[in-house]
Structures are given as structure tokens and as C-alpha cells.
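Notes for the structure review
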Amino acid sequence: MASHLTRALLSSPPSSAAAAAAALLSSTSPLPAARFLQLHAHLLRTGLLLLPLAPTAASAFLSLAAASLPSHRALPVLLHHLALAPETLPSTFRLNAILRSLRGPDALRFLRRARALGRRGNAFSLSIVLGHCRALAHARQLHANVVAEGHSPDALLATSLVSSYAACGDGDSARKVFDEMPVRDTVAWNVLITCYTRNRRTKDALKLFDAMRGGENGAEPDDVTCILLLQACTSLGALDFGEKVWEYAVDHGYGGELKVRNSLITMYTKCGCVDKAYQVFCETPKKSVVTWSAMISGLASNGFGKDAISAFEEMGRSGVAPDEQTFTGVLSACSHSGLVDEGFKFFDIMCYEYQLKPNVHHYGCMVDLMGRAGLLDQAYELVVKDMRVAPDATIWRTLLGACRIHGHIDLGERVINHLIELKAQQAGDYVLLLNTYAAVEDWGKVAEVRKLMKEKGIQTTPGCTTVELNGEIHEFIAADASHPRKAEIYEKLDEINKHLRIAGYVPNVSSELHDLDSEGKECALAYHSEKLAIAFALLVTPQHRPIRLAKNLRVCVDCHNFTKVFSGVYHRLVIVRDRTRFHHFKEFQCSCNDYW
């Protein structure tokens, strides 16, 4: 229909062109961009845009431009038309339709121009623009408009403001707007939870669950709330709290929702509870590709590589086709478990049987797989010659970690140079290089890198380890003195150290890279955050329960050795989730087989 009317307009004699334009613009649906540009050129060439088109046709032209062109190409056309014919401004309804089609600052610029010409829009207009806003200055300007125009009581607009401040990283302003809302529905609460999780205030997000359930707020958690909170628990490793959310979901009829169950499977695997994740997985009747991928990835990250492969094969028999995320999971299963031949086989299956193009995550798994097998030079060749996508910083860091494990100094130096070229180097990258030099006792190079870091102002991120107790998250940093039970914790840690030394544990002083003598290094290592967290967990966790820790950085070699010996001496299962993978410590062994 649109194509027919466009051809009719382009062939119309001048006397009837205006009528044809009005008919076309009032009735057509979005056009392909090239077709619209052809139409626009004709309207300009024939002067039809300068004719007094009917107001409905004039505003329809603006809607058509916004719907047919990418936002950045539509805006100049829209502003040009407003300048040509300011007397035919779009109705508020049309204005909002145009704003919905534009993106980011383009929507704000168009609204400003329309307002300057007299079409102010309504509260919904501001809400639409706030939905696109990602700049804090713009959010504050729009907030001022909301207040000045008396729209503050509008719940939808206030919720949009909370969301906009959250997207801009200003959690405090988001909370202030939320607190000033006269009525807060469940959507508003969910937006605030999203705000906190997005801005790394995950513990604050969890507190909102109890506040919502208080009853006095007039809003109850829904299925979206449960999904958001399960994701927050996943981030923190907050198993007990996650199970409380799941219990609520079941009691309120959300337990059968597939997205809730998928989030629960992910939460369990990210807390190291593979058995519970598998139980939920088996009890899920209609498994989507997301369900299968979550289970496969969870098995992989916890070191159950062969089980992940079995699940992948069962997925194929069930008739659910794997996607890119599924293959990321099965390839990581091969890399985490050292299944080199299987990894290459699944990579070929992905490329040739399922015709999926490998992305940077798939290549990252292959680099990790080859690094674990000691094929470092081949991995480097894969990255610089064979990859069909540009390598990102994560791939280089994966290879750098392999250089640390295998003591490949020359390659480690080359990898750091690639990170510098990407302008993506971080303090952790230099720490990996420092560990590589320390592993071969090249203390001169360690000193050089430390000097370079000092000159560049590169500061390491403090290690932080968390433990959950009765739904509350306890955080520890090295030599922490802030915990209210610090005296008991340090006393227990000293006791642990004595027992572990009797069992043969010797501190690995190469893990302490500061310029200290041997005794000083041992002292510094003794109070790393993982060790303090383990001591606290031993005080408060029943003997039959696993000790679960989450760390923001890679586990250092000494803490890894310490935890292996601890698991055997105290006969405790210790599950540690670090920045890259899980470590299941049991009876002097770790599931990573000392490669991480």
C-alpha cells in the first residue's frame, strides 16, 4: 500500500500533487529508509513541503520520518521541517509517537525545538525522553521541567525519573525521587532494585525485598521482583537470601514462571550449589534454550566438565537447538576441565553443523583451553592470525593468566603490550605479569614493573571476600579490623594457621609482591581477605554446611594452597567463587586442578 501511494505521488501532476501528498502521508506505514529519502527529495524538489498541507498530513510527515529513518538521520529532517512550517506543529499525540521513535539526545533536542515553537507536550512526553536519557545533566534538566510544570505527582513520570537517574549512575538522586513519590507501585520498586544492582549497591537492593513485604507500602513483590532479586543474590553469592526469595515466589504463584526458574538455576550454580540447580532443572517441564544454557554453563563454571557435555548431548536429543550462549557454556566446560580434544570438536560442531559464527567469548574459551594444555604459542597464533573478530581485553588477560601458570615470560610481556595498545590495561594485568616474574624469581623485573605502576599511578584493587550469614553479607579485606567480631576471627585464624603448618602448609611468599623480607611477606599473607573470611565462616557455620566465599579478584596462589590444606585438615567443603571461576576445595584437592 505504501509503495503504491508513493509511486502515485511521484507520478502526480503538480496540480494534484498536494492532494496526493496529503493522502500518502495520512495513510502510510513506515517506509524503507531509501524509499523515504526518495519521497523526501521529491517533496523538497517540488516544493510540496512549503505548501499549506493539512495539519494532519504535516504532522504525519514528521511521524513517517521518525519511523522510517534511524534516529540520527531522522532528527535533521524533523528539525528542518519544523523550521519550514512551524505553524503546522504535530499534535501532542503525534509528538509522543515521534519521541518514541527517536533515541537518546535526539529525542531531547526535538522536544526542546517543539517546545520553543509552542508545542509543549505533556507528562508522557517527558517520560518518553527520560526513558532515552543517559546523560546526568539531561536527567537533571528534565527533572527541573517536571517540577516546574507541576508533574511531580505523576507516578509514571516519577518512575521514569528514578530509572533515568539509575541509568546515569546517580543512585542517591534516584532514591530521593523514589522517597518523594506519593504512591509507589511494584514497578517503581522494581526500578529502584534495578538501580541499586546496576550501581553495585546489591546489598541495598536485597534490603528492599523486606521493605516491600512489610505491607504498609501498598506494593507486593511480583515475578519481575523475584527475578531481579535472584540476579542480585547471584552477584553476591547470597544463597540463603536467594532461597528466601524462591520460597516467596512459590508461595505467591510465581514458582512455575520459566524466567524465575532460569534465574534460580543460575543463582544456585553461581553459589556453587550444583545439586540444587540440577534438581530445579529436572523439575522444569518445558525447558527453553536459556534453561539448558544456564545448566550447562553452571556445570562448566563449577568444574563439572563431563556432566556439562552430557547435558549438551541430552539437549540435542530433546530437540532444543543450542545457541551461541550454549556453546559458550560447553566450550568453557572443556576449558575448565582440560578436555582439549572435546573442545576442538565442539568448536567445529558450532561452526560447521550449526553454522554459528564464533564470537569473542567462544575464542576466549579456546584460548583458555589451549593455555591450560600449555599450548601458549598456538593460542597466541589463534588470537593474532585466525580469529575472525577483534580480540578484546578479556582474551589477552586469559592468555596472560596462562603465561603466569606456565612461567612464559616473553609471551606475557607481548600480551601486556597488546593490552596497552587497546588502552585496556588494568592493575590486575600488571599483577598477573608480576606473578609471572615472581614465579621464576625474577625480582629485578618485579621491581621494574612496580616502578612502572607507580609512575603511571596504577593502583591495585583491594581484595574483598564476602560470606553470607542468615541473609546478611559480611565483607572482609586484607588485615581487616572493622568486623565487630575481629578479636575472635584473628584468634581463630591463628589457631587454623598452627594446625595447617603441622599438616605441611608453607606460605608461598611469591604471592606477596611487596618489597618485604621473607618474614614480612609471611605476615602480610597471613591476613588476606579469604583467610579472614574462612576463619569467620568456621566460627559461625555448622560443620555439615559448606563454607561459601565470593571474591572480587583472582585467588592468589598462597590462599589457594591454604584453602586446599584447610579443607583436608578440617574436613570441610569450601566453595570459592573468584573473578574467573569456581574452586571446590575438598580433602586437600581443588576442582580447578591448580589451574586458574
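To keep things clear, this report deals only with the structure shown in the data block. On a predicted model such as this, the values are computed, not experimentally measured, just so you know.

Quick look at the overall build of the chain
- Scanning the chain for helices and strands turns up 31 helices and six strands.
- In the chain, which comprises 596 residues, the share counted as buried stands at 51%.
- Sequence separation of 24 or more characterises 65% of the internal contacts of the chain that already satisfy a separation of 6 or more.
- Per element, the accessible surface of the chain, about 27000 Å² overall, is 53% carbon and sulfur.

Concerning the environment of Leu 64
- Mapped onto the secondary structure, Leu 64 falls in helix 4 (residues 55-68).
- With relative accessibility at 5%, the residue Leu 64 sits in the buried group.
- Sequence-wise, Leu 64 and Ser 29 are 35 residues apart; in three dimensions their C-alpha atoms are separated by 7.3 Å.

A closer look at the pattern of salt bridges
- Applying the stated criterion to the full structure yields 22 salt bridges.
- Where Arg 213 meets Asp 210, a salt bridge forms, and the shortest distance between an N and an O atom there is 3.2 Å.
- The class for Arg 213 is partly exposed, based on a relative accessible area of 33%.
- One salt bridge connects Glu 314 with Arg 317, and the closest N-O pair in it is separated by 2.9 Å. Separated by three residues within a single helix, Glu 314 and Arg 317 lie in helix 19 (residues 305-318), roughly one turn from each other.
- Members of the salt-bridge network, linked through shared partners, are Asp 172, Arg 201, Asp 204 and Lys 207.

What about the packing of helix 24 (residues 393-406) against helix 26 (residues 427-439)?
- The N-to-C vectors of helix 24 and helix 26 enclose an angle of 20°; their axes lie 8 Å apart at closest approach. Viewed along their axes, helix 24 and helix 26 adopt a mutual orientation that is roughly parallel. Between helix 24 and helix 26 lies a crossing of left-handed hand. Residues Arg 397, Leu 400, Gly 401, Cys 403 and Arg 404 of helix 24 touch helix 26, and the partners they reach there are Asp 429, Leu 432, Asn 435, Thr 436 and Ala 439.

With respect to empty space enclosed by the protein
- Here the structure, examined in full by the defined rule, presents one cavity of 30 Å³ or more.
- By volume, the largest cavity amounts to about 40 Å³.
- What lines the largest cavity is Ala 300, Ser 301, Asn 302, Gly 303, His 336, Arg 372, Arg 581, Phe 582, Ser 591 and Cys 592.
- Tallied by class, the residues present in the lining of the largest cavity amount to three nonpolar, five polar and two charged.

Points about helix 15 (residues 239-251)
- Given a rise of 1.5 Å per residue, 13 residues ought to cover 18 Å, and the 18 Å separating the end C-alpha atoms of helix 15 matches this to within 8%.
- Burial in helix 15 covers these residues: Leu 239, Phe 241, Gly 242, Val 245, Trp 246, Tyr 248 and Ala 249.
- Packing partners of the buried residues in helix 15 comprise helix 13 (202-212), helix 14 (223-236), helix 16 (258-270), strand 1 (464-469) and strand 3 (547-551).
- Backbone geometry just downstream of helix 15 places Gly 253 in the positive-phi region, at approximately 85°.

Points about the sheet that holds strand 1
- The six strands lie next to each other as 2-1-3-4-5-6, forming an open sheet whose pairing is mixed. Of all strands in the sheet, those with a lone pairing partner are strand 2 (472-477) and strand 6 (589-590), marking the two edges.
- Where strand 3 lies against strand 4 (residues 574-577), four bridges are found, and the strand directions are parallel. Counted as the bridge partner of Ala 550 is Arg 577 from strand 4.

Quick look at the pairing of strand 2
- Two elements, strand 1 and strand 2, share six bridges in a ladder whose sense is antiparallel. Bridge pairing links Thr 465 to Phe 476 in strand 2.
- Where strand 1 hands over to strand 2, the hairpin turn is made up of two residues, of which Asn 470 adopts a positive phi near 55°.

Observations regarding helix 7 (residues 104-116)
- Between its first and last C-alpha, helix 7 extends 19 Å over 13 residues, near the 18 Å set by a 1.5 Å rise per residue.
- Looking at helix 7, one finds that the buried residues are Gly 104, Asp 106, Ala 107, Leu 108, Phe 110, Leu 111, Ala 114 and Arg 115.
- Gly 118, located one to two residues past helix 7, shows a positive phi value of around 115°.

Brief notes about the nonpolar core
- Grouped together as the largest cluster of nonpolar side chains are 145 residues, with contacts concentrated most on Leu 78 and Phe 110.
- Per-element accounting of this core gives the leading share, eight residues, to helix 14.
- Excluding its chain neighbours within four sequence positions, the residues that come into contact with Phe 110 are Leu 62, Leu 75, Leu 78, Leu 79, Leu 82, Leu 95, Ile 98, Leu 99 and Leu 102.

Some points on the layout of surface pockets
- In this structure, the largest pocket spans a volume of roughly 1800 Å³.
- Forming the boundary of the largest pocket are 50 residues, of which Lys 270, Asp 578, Arg 579, Thr 580 and Arg 581 lie nearest the centre.
- Here the lining of the largest pocket is built from residues that sort into twelve nonpolar, 24 polar and 14 charged.

Looking at the packing of helix 6 (residues 92-101) against helix 7
- Direction vectors running N to C along helix 6 and helix 7 enclose 155°, while the axes themselves pass 9 Å from each other. Taken together, the axes of helix 6 and helix 7 lie roughly antiparallel to each other. Read as a crossing pair, helix 6 and helix 7 show a hand that is right-handed. Contacts between helix 6 and helix 7 involve Leu 95, Ile 98 and Leu 99 from the former and Ala 107, Phe 110, Leu 111 and Ala 114 from the latter.
- Here the contact of helix 6 with helix 7 is built from residues that sort into seven nonpolar, no polar and no charged.

Examining the packing of aromatic side chains
- Enumeration over the complete set of coordinates arrives at 14 aromatic pairs.
- With centroids separated by 5.2 Å and ring planes inclined at 45°, the aromatic side chains of Tyr 490 and Tyr 527 adopt a geometry described as tilted. Linking Tyr 490 in helix 28 (residues 486-502) with Tyr 527 in the loop between helix 29 (518-526) and helix 30 (529-540), this pair joins segments that are 37 residues apart in sequence.
- Taken together, the aromatic side chains of Phe 312, Phe 327, Phe 346 and Tyr 354 make up a single cluster linked through ring pairs.
- Between Lys 345 and the ring centre of Phe 346, over which it is positioned, the NZ or CZ distance is 4.7 Å.

Calculation rules
- Residues numbered from 1 in each chain as written.
- Predicted model: local features only at pLDDT ≥ 70, side-chain atom pairs only at ≥ 80, totals over all residues.
- Heavy atoms only, no water.
- Helix = DSSP H or I, 4+ residues; strand = E, 2+ residues; numbered from the N terminus.
- Buried < 20%, exposed > 50% of the residue type's maximum accessible area, 1.4 Å probe, protein only.
- Contact = heavy atoms within 4.5 Å.
- Areas by Shrake-Rupley, 256 points an atom, 1.4 Å probe, with all protein chains shown as cover.
- Salt bridge = Lys/Arg side-chain N within 4 Å of Asp/Glu carboxyl O.
- Axes fitted to C-alpha atoms, helices over the stretch in contact; angles between N-to-C directions.
- Parallel < 35°, antiparallel > 145°, perpendicular 65-115°, else oblique.
- Left-handed = near helix turned anticlockwise from the far one by under 90°.
- 1 Å grid on protein atoms, 1.4 Å probe; cavity = no way out; pocket = protein on both sides within 12 Å on 5 of 7 lines; lining within 4 Å.
- Points joined across faces, edges and corners; volume = space filled by probe spheres on them.
- Nonpolar A, V, L, I, M, F, W, Y, C, P; charged D, E, K, R; others polar.
- Expected span 1.5 Å × (residues − 1).
- Pairing = 2+ DSSP bridges.
- Core = buried A, V, L, I, M, F, W, Y, C linked by side-chain atoms within 4.5 Å.
- Phe/Tyr/Trp six-rings, centres within 6.5 Å; stacked < 30°, edge-to-face > 60°.
- Lys NZ or Arg CZ within 6 Å of the ring centre and 35° of its normal.

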